[in-house]
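The lines below spell out each chain.
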Amino acid sequence: MLSDVLANILTTQTIVAIIGSAIFGLFMGAIPGLTATMATALLVPVTFFLDPVPAVATMITAVAVAIFAGDIPGCLLRMPGTPASAAYTDESYVMALQGGAKKALGIGLLSSAFGGLFGTAVLVMVAPSLAELAVRFSSAEYFWLVVLGLSCAAGIGANNPLKGFAMLMLGLAIATVGMNNNAGIPRFTFGETGLLDGVALIPMMVGMFAISEILRYATNSRRDFSEPIKSTGSAIRASAAIIAKYPVQLLRGSAFGTVVGALPGAGADIAAWMSMGMSKARSKTPEKFGTGHPEGLVEAGAANNSSLASAWIPALVFGIPGDSITAIVIGVLYMKNLNPGMELFTTNAVQLYSLFAIFVIANLVMIPVGWAAIHGGSAITRLPRRVIMPCILIFCILGSFAINNSSFDIAIMLFFGVFAFFLEEAGFPIAPAILGVVLGPMLENYFVTTMTSSGGDLTAFLSRPIAGTIALLVVCVWAIPLLRLFRSRQSVPVVTS
């Protein structure tokens, strides 16, 4: 079988497809607003003219590279290229301001490659078993999973947990705008038709991260507009040395991302956000987060790419999309007569294992491609800030408009940019609000679905063993910090006069 697999891979068409899609994925991920999902959709017409293995290889490679490429504008310009990279944009940007842009991106590159290889190994070895676990999840389990994600990541970027919680609630409130709810009733649109589809995530995210940063530079007279961001060190060698200090975080992020990715509908976004929150919660030095600390970058970077591979588990075994990307890929699989299901593991075993090998190759190809992108992108850091900022503003406007070809999205971007500027000046973190907008619709949908199927019985959220277990984890996430706070107050000696 090995010779047949190599024969499928080592063809001119497959090699060209991998290299071309890697460059394409790099471009799509590095431009804010052009997501990995959009890259997958744009590749569908190309697959019409390719054989089955190179057709799917284009999507595997493009997505793997695009998820990493989203880190580049996030680190250098504070403009996350993808929602997954938004989870650690602030951390990497602070590191870039300290002269560690190459290190931050190198950590993301190597962690993503390791996470992708880890997820691929799990995909090869335990695909049927994990897929069987994934299909046991009902809406109740997904509800608690989303709550767990919100709980773990509520403190991201917040020195004051209460402010982080407040921003999370703000994000959940913003997620209720529009008519994308189970009842299909317009909510909080104030008669504005542009809000019927809700607040667009990408324009909002670009505004809150990039526009607020532009305003900060424009209003801070202590900043030297002629001073560029310094970027020193090696993108690979120095980053590898840093990652070696956090082996537990690397493995934990890879394993956690693999589990989350295998759950239909979860995806890299949730994996990255939850891993970043878990990294801070489990860290021995949580106070360093937000100061350019690499620990969270290692864990979240490994989680986002490991989830990409494991998302294929339910897709290949049951034809159930693990995320929006595999939902598109499933259509291509059917078009190429690689019908998902257990028969795929028997009748098309050679082609299936060829795809597994493509996963390995894609994550290895990502390293040299990413290295070239890091060194090419670092040229931006040598430009004066007074030159970069107007260019960023232009890209923000173009990227926000390109999402829906709507000028209303530009207004959304500008509004949330100004709003975020004042919030950050008051010490409120932005990341929890973005997380609330991402997970809010899922939280509401799973809650309503569970209540509808159970006839309004609240015990349905705890009646299943897996749901009860996840609910217990949520309780622990909230209870442990409160117990620590209570004990610390009890241990403070009372001074009497």
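Residues numbered from 1 in each chain as written. Predicted model: local features only at pLDDT ≥ 70, side-chain atom pairs only at ≥ 80, totals over all residues. Heavy atoms only, no water.

- The protein chain goes by Tripartite tricarboxylate transporter permease in an unreviewed UniProt entry, where it is assigned to Azospirillum himalayense.

## Some thoughts on a nonpolar patch on the surface
- A cluster of nonpolar side chains, L2, L6, L10, I15, I19 and I23, forms an exposed patch at the surface whose accessible area comes to about 620 Å².
- Elements that contribute at least two residues to the nonpolar patch include exactly α1 (2-9) and α2 (12-30).
- The element contributing the most residues to the nonpolar patch is α2, with 3 residues.
- Mapped onto the fold, L10 is located in the loop between α1 and α2. (Patch = residues over 30% accessible without salt bridge, like charges linked within 9 Å, V, L, I, M, F, W, Y side chains within 5 Å. Areas by Shrake-Rupley, 256 points an atom, 1.4 Å probe, with all protein chains shown as cover. Salt bridge = Lys/Arg side-chain N within 4 Å of Asp/Glu carboxyl O. Helix = DSSP H or I, 4+ residues; strand = E, 2+ residues; numbered from the N terminus.)

## Re the packing of helix α10 (residues 201-219) against helix α20 (residues 431-453)
- Packing of α10 against α20 brings their axes to within 11 Å, and their N-to-C directions diverge by 175 degrees. Relative to α20, α10 is oriented roughly antiparallel. Side by side, α10 and α20 meet where L201, M204, M205, M208 and F209 of the first sit next to A433, I434, V437 and V438 of the second.
- Per-class residue counts for the contact of α10 with α20 are 9 nonpolar, no polar and no charged. (Axes fitted to C-alpha atoms, helices over the stretch in contact; angles between N-to-C directions. Parallel < 35°, antiparallel > 145°, perpendicular 65-115°, else oblique. Contact = heavy atoms within 4.5 Å. Nonpolar A, V, L, I, M, F, W, Y, C, P; charged D, E, K, R; others polar.)

## Description of the packing of helix α3 (residues 36-47) against helix α4 (residues 52-69)
- Interaxial distance between α3 and α4 falls to 9 Å at its minimum, and their mutual angle equals 160 degrees. If you check the angle between α3 and α4, you find them roughly antiparallel. In this structure, the crossing between α3 and α4 has a hand that is right-handed. Facing A36, T40, L43, V44 and T47 of α3, the residues of α4 in contact are A55, T58, M59, A62, V63, A66 and I67.
- Here the residues of the contact of α3 with α4 are counted per class, giving 9 nonpolar, 3 polar and no charged. (Left-handed = near helix turned anticlockwise from the far one by under 90°.)

## Comments concerning α10
- Compared with the 27 Å implied by 1.5 Å per residue over 19 residues, the 26 Å span of α10 between its first and last C-alpha is a close match.
- Buried residues dominate α10, accounting for 15 of its 19 residues. (Expected span 1.5 Å × (residues − 1). Buried < 20%, exposed > 50% of the residue type's maximum accessible area, 1.4 Å probe, protein only.)

## Here's the deal with empty space enclosed by the protein
- All chains considered together, the criterion is met by 3 cavities of 30 Å³ or more.
- If you add up the space inside the largest cavity, you get close to 120 Å³.
- Surrounding the largest cavity, 16 residues form its lining, I60, V63, L308, A309 and F359 being those nearest its centre.
- Residue assignment for the lining of the largest cavity shows that the elements contributing at least two residues are α4, α14 (295-310), α16 (324-335) and α17 (349-377).
- Counted by class, the lining of the largest cavity contains 11 nonpolar, 4 polar and 1 charged residues.
- Here the second largest cavity is characterised by a volume of approximately 50 Å³.
- Lining the second largest cavity, in full, are D71, C75, Y88, S92, A104, L105, G108 and L297.
- For the lining of the second largest cavity, the elements supplying multiple residues, two or more each, are α5 (71-77) and α7 (101-134).
- Each residue belonging to the lining of the second largest cavity can be placed in one class, and the counts come to 5 nonpolar, 2 polar and 1 charged. (1 Å grid on protein atoms, 1.4 Å probe; cavity = no way out; pocket = protein on both sides within 12 Å on 5 of 7 lines; lining within 4 Å. Points joined across faces, edges and corners; volume = space filled by probe spheres on them.)

## Notes on the environment of I19
- Note that I19 resides in helix α2.
- Assessed through its relative accessible area of 49%, I19 is described here as partly exposed.
- Expressed as a C-alpha distance, the spacing of I19 and T58, which sit 39 residues apart in the sequence, is 8.6 Å.

## A short note on the nonpolar core
- Formed by 133 residues in total, the largest nonpolar core has its most connected members in W144, M204 and I434.
- Each residue touching W144, except ones within four places of it in the same chain, is listed here: F461, L462, A467, I470, A471 and V474. (Core = buried A, V, L, I, M, F, W, Y, C linked by side-chain atoms within 4.5 Å.)

## Re helix α6 (residues 89-97)
- Residues T89, E91, S92, Y93, M95 and A96 constitute the buried set of α6.
- Positive phi appears at G99, one or two residues downstream of α6, with a value of about 95 degrees.

## A word on the environment of G106
- Its location among the elements puts G106 in helix α7.
- Note: C-alpha distance between G106 and R237 (131 residues apart in sequence) is 8.5 Å.

## Some words on the confidence of the model for the protein chain
- With 84% of its residues at a pLDDT of 70 or more, the protein chain has an overall mean of 79.
- Between the elements of the protein chain, mean pLDDT differs from a low of 75, seen in helix α15 (residues 312-318), to a high of 89, seen in helix α19 (residues 407-425).
- Low pLDDT, under 50, characterises residues 221-226; the stretch is placed with 9 contacts to residues that sit more than four places away or in other chains. (pLDDT = per-residue confidence, 0-100.)

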